[in-house]
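Summary of structural features
Each chain is listed here by its residues.
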Amino acid sequence: MINFFSNAIIPIIILIIIIYGVKKKVNIYDVFIEGAKESIELAINLFPSMLAMILGVNIFLKSGIIDAFFDKLSSIFMFLRIPYQILPMMIMRPISGSSALAILTNIFQVHGPDSFFGVLGSILQGSTDTTFYILTIYFGTIGVKKIKYALTAGVIADIICIIISIIIVNLIL
């Protein structure tokens, strides 16, 4: 039953849009073509920002800097009783959602999804955001140059979410 609905939801939405367009006497095909043209322009405008973000993340990951960074911070995190095994995800989540998801998958494979690290990683994945990705892609696409306050608010929100996630998981498990 659920499989039927999940397969039927997109055609149902399209059918509703078509019925609504016919009812409002809108030339649906012309509007669709106009939207497709706009999306191509958006993709062309988005490409340089996306390329810069992908290049920056790959340089950051492949250079080995992140491993050295984790080695230096692990003793501090052990002293503060913060699980350093989750540190790679805490660092990568604001930069790249797909990298953080790959790290979470690795945590699931090594420690299990019901483990302390699995639950903490899941909460981090759901409660934090890809702050730097958003600033790079979305703000770059629309031409916003002054990102100081958005960056500050996003980073503070991510840090608060990380701290609260650790506290909550420590209370629950």
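In case you missed it, the structure is sitting above this.
In this report, we go over the structure that sits alongside the text.

Cut-offs applied
All residue numbers refer to positions counted from 1 along the written sequence of the respective chain. Restriction of local features to residues with pLDDT of at least 70 applies here, the model being predicted, together with a cutoff of 80 or more for giving and counting side-chain atom pairs; totals for whole chains, interfaces and linings are based on all residues. Values reported for side chains reflect all heavy atoms of the structure, with hydrogen atoms and water molecules removed beforehand. Helix axes are fitted to C-alpha atoms over the stretch in contact, other axes to C-alpha atoms as well, and angles between N-to-C directions run from 0 to 180 degrees. The way it works is that DSSP assigns letters per residue, a run of H or I at least four long becomes a helix, a run of E at least two long becomes a strand, and they are numbered from the N terminus. What sets the label is the angle itself: under 35 degrees gives roughly parallel, over 145 gives roughly antiparallel, 65 to 115 gives roughly perpendicular, and the rest give oblique. The handedness criterion is simple: a crossing whose near helix is rotated anticlockwise from the far helix by less than a right angle is left-handed, and one whose near helix is rotated clockwise is right-handed. Only heavy atoms matter for contacts: two residues are in contact if any of them lie within 4.5 Å across the pair. Nonpolar residues are Ala, Val, Leu, Ile, Met, Phe, Trp, Tyr, Cys and Pro. Charged residues are Asp, Glu, Lys and Arg, and all others, Gly as well, are polar. Multiplying 1.5 Å by the residue count of a helix minus one yields the expected span of that helix. Patch criteria: residues need more than 30% relative accessible area and no salt bridge. Like-charged residues are merged within 9 Å; nonpolar side chains of Val, Leu, Ile, Met, Phe, Trp and Tyr are merged within 5 Å. Note on areas: Shrake-Rupley, 1.4 Å probe, and residue coverage restricted to the protein chains presented here. The salt bridge criterion pairs a side-chain nitrogen of Lys or Arg with a carboxyl oxygen of Asp or Glu, the two atoms within 4 Å. The buried label goes to any residue with under 20% of its type's maximum accessible area, the exposed label to any with over 50%, and the partly exposed label to all in between, with areas taken from a 1.4 Å probe on protein chains only. Charge assignment in this entry is limited to Lys and Arg as positive and Asp and Glu as negative, and neither His nor the chain termini are counted. Where a charge lies is defined by one atom per residue type, namely NZ (Lys), CZ (Arg), CG (Asp) and CD (Glu).

1. Quick word on the packing of helix α5 (residues 97–111) against helix α6 (residues 116–127)
At a minimum axis distance of 9 Å, the contact between α5 and α6 shows a crossing angle of 165°. In terms of orientation, α5 and α6 fall into the roughly antiparallel class. Handedness of the α5/α6 crossing: left-handed. For the pair formed by α5 and α6, the contact residues are Gly97, Ala100, Leu101, Leu104, Ile107, Phe108 and His111 on the first element and Phe117, Gly118, Gly121, Ser122 and Gln125 on the second. Of the residues assigned to the contact of α5 with α6, the class counts are 6 nonpolar, 6 polar and no charged.

2. Things to note about helix α8 (residues 148–172)
A rise of 1.5 Å per residue sets the reference length of α8, with its 25 residues, at 36 Å; its end C-alpha atoms lie 36 Å apart and thus fit the reference within 8%. Structurally, α8 contributes buried residues whose contacts are with α4 (87–92), α6 and α7 (131–142).

3. A few points about a nonpolar patch on the surface
A contiguous nonpolar patch, built from Ile156, Ile159, Ile160, Ile163, Ile164, Ile167, Ile168, Leu171, Ile172 and Leu173 and spanning about 970 Å² of accessible area, is present on the exposed surface. Here Ile168 lies in helix α8. For Ile168, a relative accessible area of 38% puts it in the partly exposed group.

4. A closer look at a negative patch on the surface
On the surface, Asp30, Glu34, Glu38 and Glu41 cluster together into a patch of negative charge. Its location among the elements puts Glu41 in helix α2 (residues 28–62).

5. Observations regarding the packing of α7 against α8
Each pair of packed helices can be summarised by the angle the axes make with each other and by the distance between the axes. Packing of α7 against α8 leaves a shortest axis separation of 9 Å and a crossing angle of 155°. With respect to α8, the element α7 is oriented roughly antiparallel. Between α7 and α8 lies a crossing of right-handed hand. Contacts between α7 and α8 involve Thr131, Phe132, Leu135 and Phe139 from the former and Ala150, Leu151, Gly154, Val155 and Asp158 from the latter.

Scope: geometric values only; no functional claims are made or implied.
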